[in-house]
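Descriptive structure summary
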Amino acid sequence: MPSINLPGKNDGGHDSRFFTTQKKGEMHELKMELHSTDRNTKVDAVKKVIASMTVGKDVSSLFTDVLNCVQTGNIELKKLVYLYLINYSKSQPELALLAVNTFVKDASDPNPLIRALAVRTMGCIRVEKITEYLCDPLSRALRDEDPYVRKTAAVCVAKLYDLAPALVQERGFLEILHDLISDSNPSVVANGVAALSEIAETSGKDVMKISASVLQKLLAALNECTEWGQVFILDSLAKYAPADAREAEGIIERVTPRLQHANSAVVMSAVKVILSYMELMGSANTDTIRNLTRKLAPPLVTLLNSEPEIQYVALRNINLIVQKRPSILENEIRVFFCKYNDPIYVKMEKLEIIIKLVSEKNIDQVLLELKEYATEVDVDFVRKSVSAIGRCAVKLERAAERCIGVLLELIQTKVNYVVQESVIVIKDIFRRYPNRYESIIATLCDNLDTLDEPQAKASMIWIIGEYAERIDNADELLDNFLETFEEEDPSVQLQLLTATVKCFLKNPEDTQDMVQRVLDLATEESDNPDLRDRGFIYWRLLSTDPEAAKLVVLGDKPVIEDDTFKLEPNLLNTLIGQIATLSSIYHKPPEAFVVRASGRGVMHLGVGGDDMGEDDEEDYEDDEGIEQEDPVDLLDMGGMGINDNGAGDDLFGSSTPQAEQAVRFVKVCSEEKSGGIDVLAAYHQVNGNVLMELEFQNKSCSVPVSNLAIQLNKNAFGLSPVNQQIICNPPVQVGSSGTATVQLVANRSMLAPVQPGPASPQVQVAIKNMATSQVFYFAANFNIDAMFSSGGQMDRNAFIETWKNIDDGKEIYSTVSDLPSTDIDGIQAKFELYNIFFIARRQGMDGQEVVYFSMKTMTGMDFLAELTFKAGVNACKICLKTENTSYGHLVKNAIENLLRF
Amino acid sequence: MISMILVLNHKGDVMISRQYRDDVSRAAADSFRLQVIAAKETGTQAPVKRIENCSFLYTRHLNMYFVAITRANVNPALVFEYLFQKITILKAYLGEEFDDNSIRNNMTLIYELMDETMDYGYPQNCAVDVLRLYINLGNIRQQDEPDASELTSQITGAIDWRREGIRHKRNEVYIDVLESINLLMSSQGDILRMEVTAQVQMNTKLTGMPECKFGLNDKLVIEKEASSNRKPGVEIDDCTFHRCVRLGKFDADRTITFIPPDGEFELMRYRVTDNINLPFKIIPAVREMQDQNRVSINLKAISTYNTRLFATHVVIKIPVPKNTAKTKIKTSFGRAKYEPEQSAIIWRIKKFPGKAECMIGADIDLMPTTRNKAWVRPPINVDFQVPMFTSSGVNVRFLRVYDKSGYNTNRWVRYITKAGGYQIRI
C-alpha cells in the first residue's frame, strides 16, 4: 500500500508501509533488521513486527529477537517492544522470563514515565512465574513519590490479583491499595477505587469496606478527579448501604451535582446512586423523595439529546426507571416521541417507554403519534407501533374505543403487515373486553384473504371461534381454513381445532361433519403430539359428556392485562441496583451473562480457549417465562399471548455460530484403565499453537487430581508436549471435572517411522498421576486441521503451478452431502479460521461453483483442494491434491468434518 | 472492564487491535465481522451485541468501526463515552476526517495513545492537550527529569485540562452561544415537541491559571438578585458542564466558576423548553389527487425575528413521492429545484430578512406505478441559521476573569440560532 501524505495537522505517519505483504524469507530479513545496529532500521523492523501482529500474522518466532531491542533509551521503541511482549508472552512463558530484568531495571528508572510504563506492562505479562519478580517493583511503585506511578501501580494490583490472588494477600497489597483511597492525588484515588471494586467483585470478598472516613474521602475525591474516576467512585458508592436515611440523604446531596456533568456515564452512575439510596430511605421522607424525583427528570431527558448510542443506553435504563418510579417522567412523554431520522433501535425503545407512560391524560396525543408511525417505512417499527395501539387499549379501558377506531382506520389502508398486526392485537382487545366490540368483526372478516402469517391467522380463527354465534357464516369461514389444514403452521392448526369445537358446541346441527373431519385430521393425520393430544381430549370430552365439554371449552377466561415486557418486582429491584451496567441493557441479572474466562480451572499453559462454558447461558433463556401471561389457559390460547408480538430483541441469540475453532471432545480413556478418571480429549489451534485440550472427570479417584505428567509416543505428526507437567487448578475432586490445556509442538525427532499406506491419525498418550503414581495409556486421534499453519496461503500462480505439477493419480475424491449450509462465503470464512485459505472461485458449467483452497501443515506439507458446489444441490464434491499422499485422507476427512459442522 | 478495543474498516479488517485483558481472543474480531458487519446490522440494530459470552459495544466514525469487547458487567455509557473520546483524540491528532489510511499510517502513534488512555480496561486521562505534551506523532520529546515529573503531576492533577505557565500577549476570550432549535409539528399545526438545546463554546487565550465566573440570564439567578427592574430571566430546564466547572458550587448557588482549558472547548450545554420564539412559521398545504396522478404543494414561510436581523442558509426540503415525473415550481423568493436523488424539492434562500413572508407553489405530475402503494409522506425539513438571535432568549450577562497578575481581558460574544431537527409533518 502506498503511503499517503495526509492533509492538515498530520504529516508524520507513514506506517502503512509496514503492512505490505510478507514475502518468503521476510521473517529472516526481519530478524536481521532487528539485530541491526542502526536505530532507525531497528525501530522500523519492530514496527513491521507490530503491523504483522495487528493483521493477525504469527510473529511469535521472533520473540527473542524483539526482546533484544528492549535495552534502549528510546521510549518509543521500548513501548513497541512492550506491546509485543504483552501479546506473545503467554505463548512463550519461558522466554518472557528473560524480560524480567528489563522490567525490574526500568521500574527504578529516574523518569517516572518509564517507571510507570514498566509497572503497567509487567502486570500485562500473563505468566505466573513472572509474578514473584513483579512483587518488589510493584511494592515500591505503590509507594512511589510520583502520583503517575502510584496510579499505574494501583491498577497493577488488580492485574496481579487476577493471576495470583494469594500472592496479593500475602504481600499486603490490598491494605496498601486501601491506603491509596486516602491519597492526596485524585487520579490515584480513582484507580485505587477501581482496582478494589474489581477485586471485590471477582473474589466475592468485601475488600472495598467503606468506612465513615473512607466515605468522606471518596466524596471529597468525587469533586476533584477525572470523569472516569467519578464513575468508578459513584459505582462503588452505589454498592454501599448507608446506615440510615440521614446518611443516605447526606450522600445524595453530594452526588446530585454530578447530574450536571457533560459525561453521560457520570450522570447515569449518579442516577444509580440516587435511585438505590431512595429505596433505603423508605417512605418516611416523602418530601425528600418528591424533591429528588423532580431533580432526576431533567438530566434523564437531556441524555436523549446525546449520540444515538448513549440514547439507547439511556432508554434501556429509563425503561427500568419508569417501571420502578413512574412519577419521575410521567409528564415528559413528549420527549419520547420518535423523530423521523432516529435510528430504528432508538425508535423501538422509545415506543416501549411511550406505552409505559401512556395515561388517560395523554392518550389522544399518543394515538395520533402511533398512527403517524404506522405509516412509516420500516416494517418492524410499523408493526410495533400497531401493536402498541392495541396495548394502549388493553391498558386503558376508557380509551379502548378510540384505539379500536385507529386500528380500523389502519386496516382500511390494506397494507398487508398492518392488517395482520392489527388482527393480532384486536384479538387481545377482545380477550380484555369480552363481548364489547364485536361490531368490528365484519370489517375483520373482509380482510381474511390478506392474512398469510400464522400468528395473524391463528388470531383471526380464535376470534371466529369465540364469536361463532355472532358471525352468520362462521362455519363457512372455518371450513375455508380447513381446506388447507395440513399445510398450516401448528399454532394455526391448534386454533382451528379449538375454534371448530367451539363452533360445534354453539351450533351442533350444522357443524357435525366439520368437527368430525377436524378431529380426524388432528388425531390421525397429524404427527404433532400437541395437536393429537388436544384432539383426543376434545374427542373424549365430546363423546362422553358434551355439557362438561361446554364448561371446559366455553368457560370464562381469565382477564389479561398488558404486562408485556414488564419485569417481575424482584428482578426489577435487582436491575435498579444495576442501572448503568450492561445488566440494565440486557434486562438480566449479571449472573445471567457474565461468564468469566477464568475459574475454568485451566492452568496457564499456552493460551486457553474462550469458547467453553457456553451452556451456562442457555439455562437463562427459559427465564423469559416470567413474562408469560395467564398460565391457566393451556388449551385455548397456548403460546400466542400478547407478549409474543414483540420483536423480541434477540440479544442472546441462541444459535450464534462459532467464530473460533470449535472444540469437539472425544472420550479417550475410561475410569477402569486410569484409576477412576475419565479422560476426554480434543485438539485445536489457538494463536498458532497446537493445543490438546484434556478434560478430566474424576469418577472415583479418592485423591484429587492435580498434578499429572504427560508423554506422547512417536506419531505420524511429530507432535510432543512443550511441557510435560499438567496442573489442574483447582484440583479435581471426586464427582467433578476439570480441564487442562497442553501445548504441542511438531518436530522431526518425534515422527514415527514412515509406514507404507495411509498415515494413522492415532496419537498414543501416556499420563502419570503424580499423586497415585499410576500410569495409564490411551490413544487420541489427531485431527490434522489443528496443525494447519497460518502461513498456508498460496500465491494464485504458485497454486496453479503446483496443481498442474501434481500427478492426477495423487488425487483424492469424495462427496459430502446434507451440509448445514452451502453458503460459500460462510464456508470460506469458517475455513479461514482453520487456516484453510481461499485461493479462487469460479463459475463452472450448469450452475456449478468451484472454489479452491490451499493449506499447509506446520511441518511443511502442502495440500490443495477443489470444492465443487452445485446450485440447488445440498452437497459438495471434494478433490484433494498433494504430494504427501499418505496424509491425504486425513486432510480429506478434516475438510468433510468442517463442512458438516 | 473493557477487554479489547478494535478498530475495523468497513469490511471488518482489523486495523488496530489492543488487548487489555486476556479473556477475549483475537477471534472476537471475526465474530464481529461475521455477525454484525456482514449481517448489515449497524444502524438498525442496537449498538450493544452479545456474541458467545462477550458483549460488543460499537460506534462508527465514517466507515470505520470502533469496537469495545468485554466479558464483564461494564458501565455501557462509560464505554461509549470512552470510544467517543478516543475518536475525538484521533481527530485532534490525525485531522477531523481521518480514515483507514491515516489509521494505518499512524499505527504506532495510535497504539501509544491506546496504551496511555486505558489501563487494564479502565479509561485514564483522555485530555488531548495533556496527551499532546508527551505523545507526539510517535516521537517523544526527550525529557529531562524535572520536566517529566511536572508532566506526571499534570496528567494526574486535579486540573488535568490545563498546564501551568501559559502566557498570552493579549488576553482574550471568545464566547459563542449556539442554539439549536428542535421542532416537531403535526400536520394539523400542533406543536408536538419543541425545545432548544444549546452549546456555549469558548475559546480562551488567557495567561496563568485564571479563575473565571460566567453568568447567563438564568431565571433562578436573576430572581435571587433583588433588583427587580431587570427583565425576567430565562427558565433553563437543565444544563451540563465541562469538567472544569465546579459542579458543587453550581448546585449550591447556581454560579458557574472554573479554570478554563487553553484554547477551544465547550463550556456548557443547556436545554430550554418554555417560551421559545420560533424564528420561522411554516404553513404547508399538500394535496394528493389520486385519480389524476398529481400532487400539489403550497407552502408559506414567515420569519418572525426582528427586521434588523436576517437568516442565512435557509434550506427548506419538501418531500415529494418517489415516482415524481415532472415538477412545476414557482417561488416568490430564492431558488427551488426538484432533486430526484433526495425525492424532494429543495428550496434555498441565501438571505431571509426579518418579518418577511415567502411562498412556494409546486405542481407535481407522477408516473403511474404498477403497485398502488401509498406515499409515506415524510416530514418537511427546514434548515437555517439566524445570527445574533437566541430563540430561548438566553444571553451572556458577564464573564469575569481573575488572575494574580491582574490583567485585562477582552471578551467577544456571538449568538447563533440554527435548526436542529425542524420538522413539519404533512
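Please read all numbers here as calculations on a predicted model, not as lab measurements.

All names here are of chain A. Where helix α28 (residues 508-525) meets helix α29 (residues 529-544), the axes come as close as 8 Å, and the angle between the chain directions of the two elements is 140 degrees. For the element pair α28 / α29, the angle class is oblique. Between α28 and α29 lies a crossing of left-handed hand. Where α28 approaches α29, its residues V515, Q516, L519, D520, A522 and T523 are matched on the opposing element by L531, R532, G535, F536, Y538, W539 and L542.

We now examine the side chain of N835 of chain A. Tracing the backbone through its elements, the reader meets N835 of chain A in the loop between α36 (824-833) and β11 (837-843). One polar contact links the side chain of N835 of chain A to the main-chain carbonyl oxygen of F788 of chain A, over a distance of 2.9 Å.

Residue and element names in this part refer to chain A. With antiparallel pairing, the five strands of this open sheet are ordered in space as β10-β14-β13-β12-β11. Where the open sheet ends on each side, the last strands, each with one partner, are β10 (811-817) and β11. Across the sheet, the axes of successive neighbouring strands diverge by a mean angle of 20 degrees, strand direction being ignored. Here strand β13 (residues 862-870) pairs with strand β14 (residues 873-881) via seven bridges, running antiparallel. When the bridges of β14 are listed, A865 appears paired with L880. Of the strands in this sheet, β11, β12 (848-856), β13 and β14 touch helix α35 (residues 796-805), which is tilted by about 95 degrees from β13.

Moving on, we come to the nonpolar core. Core analysis: the largest hydrophobic core is formed by 281 residues, its most contacted members being Y84, L237, L329 and F336 of chain A. Contacts of F336 of chain A, omitting those with residues within four sequence positions, involve L304, L315, I318, L329, K350, I353, I354 and L357 of chain A.

All right, on to helix α21 (residues 379-395) of chain A then. Residues and elements named next belong to chain A. Taking 1.5 Å per residue as the helical rise, α21 with its 17 residues ought to reach 24 Å, and the 24 Å between its terminal C-alpha atoms agrees with that figure. For α21, the buried fraction is high: 14 of the 17 residues fall into the buried class. The opening residue of α21, the one whose side-chain oxygen lies 3.2 Å from the backbone nitrogen of D380, is D378.

The packing of two helices is summarised by the inter-axis angle and the distance between the axes. Residue and element names in this part refer to chain A. Remark: helix α16 (residues 264-281) packs on helix α17 (residues 286-303), axes separated minimally by 11 Å, with the N-to-C direction vectors making an angle of 160 degrees. By the angle class used here, α16 and α17 are roughly antiparallel. For α16 against α17, the interelement crossing comes out left-handed. Taken together, the residues of α17 that come into contact with α16 (itself represented by S264, V267, M268, V271, I274, L275, M278 and M281) are T288, I289, L292, T293, L296, P299, L300 and L303. In terms of residue class, the contact of α16 with α17 is built from 13 nonpolar, three polar and no charged.

Further remarks concern the environment of V734 of chain A. Residue and element names in this part refer to chain A. As for its position among the elements, V734 is in the loop between β6 (725-732) and β7 (737-746). Residue class for V734 comes out partly exposed when judged on its relative accessible area of 44%. Between the C-alpha atoms of V734 and K550, which are 184 residues apart in sequence, the distance is 58 Å. Ignoring sequence-local partners within four residues, the contact set of V734 consists of N698, K699, S700, C701 and S702.

Before going further, it helps to examine the UniProt feature "domain: Beta-adaptin appendage C-terminal subdomain" (unreviewed entry) in chain A. Annotation from UniProt places "domain: Beta-adaptin appendage C-terminal subdomain" (unreviewed entry) at residues 788-900 of chain A. The distance from the first to the last C-alpha atom of residues 788-900 of chain A is 19 Å, and the span holds 32% helix and 36% strand.

So, on to the domain arrangement of chain A. Splitting chain A by domain gives domain 1 (454-556), domain 2 (666-782) and domain 3 (788-900). On a C-alpha basis, the centres of domain 1 of chain A and domain 2 of chain A stand 60 Å from each other.

Turning our eyes to something else, we now look at the confidence of the model for chain B. Reading predicted coordinates in detail is not appropriate for stretches of low pLDDT. Summarising the model, chain B shows a mean pLDDT of 88, and 95% of its residues fall at 70 or more. Low pLDDT (under 50) marks residues 138-146 of chain B, which in the prediction has 13 contacts with non-local residues, meaning those over four places away or in another chain.

Contacts between the two partners involve 107 residues from chain B, matched on the other side by 123 residues from chain A. Between chain B and chain A, roughly 10,100 Å² of surface is buried when both sides are summed, and carbon and sulfur atoms account for 53% of that area. In terms of surface lost to chain A, no three residues of chain B exceed R50, N73 and N105 of chain B, which account for 8% of the buried area on that side. There are eight salt bridges connecting chain B and chain A. Where R120 of chain A meets D115 of chain B, a salt bridge forms, and the shortest distance between an N and an O atom there is 3.2 Å. Run the count over chain B and chain A and you get 40 residue pairs in polar contact (both at pLDDT 80 or more). Looking at the side of chain B that touches chain A element by element, the count peaks at 11 residues for helix α2 (residues 76-94) of chain B.

Another point: the confidence of the model for chain A. The share of residues in chain A with pLDDT of 70 or more is 89%, and the mean pLDDT across the chain is 82. When mean pLDDT is compared element by element in chain A, helix α18 (residues 308-324) of chain A scores highest at 95, while helix α33 (residues 615-621) of chain A scores lowest at 39.

How each quantity is defined
Residues numbered from 1 in each chain as written. Chains lettered and ligands numbered in written order. Predicted model: local features only at pLDDT ≥ 70, side-chain atom pairs only at ≥ 80, totals over all residues. Heavy atoms only, no water. Axes fitted to C-alpha atoms, helices over the stretch in contact; angles between N-to-C directions. Helix = DSSP H or I, 4+ residues; strand = E, 2+ residues; numbered from the N terminus. Parallel < 35°, antiparallel > 145°, perpendicular 65-115°, else oblique. Left-handed = near helix turned anticlockwise from the far one by under 90°. Contact = heavy atoms within 4.5 Å. Polar contact = N/O pair within 3.5 Å; in protein donor to acceptor, adjacent residues only side chain to side chain. Pairing = 2+ DSSP bridges. Core = buried A, V, L, I, M, F, W, Y, C linked by side-chain atoms within 4.5 Å. Buried < 20%, exposed > 50% of the residue type's maximum accessible area, 1.4 Å probe, protein only. Expected span 1.5 Å × (residues − 1). Nonpolar A, V, L, I, M, F, W, Y, C, P; charged D, E, K, R; others polar. UniProt positions renumbered as here; feature names shortened; annotations may be inferred. Domains from an automatic or database assignment. pLDDT = per-residue confidence, 0-100. Buried area = accessible area lost by both parts, 1.4 Å probe. Salt bridge = Lys/Arg side-chain N within 4 Å of Asp/Glu carboxyl O.

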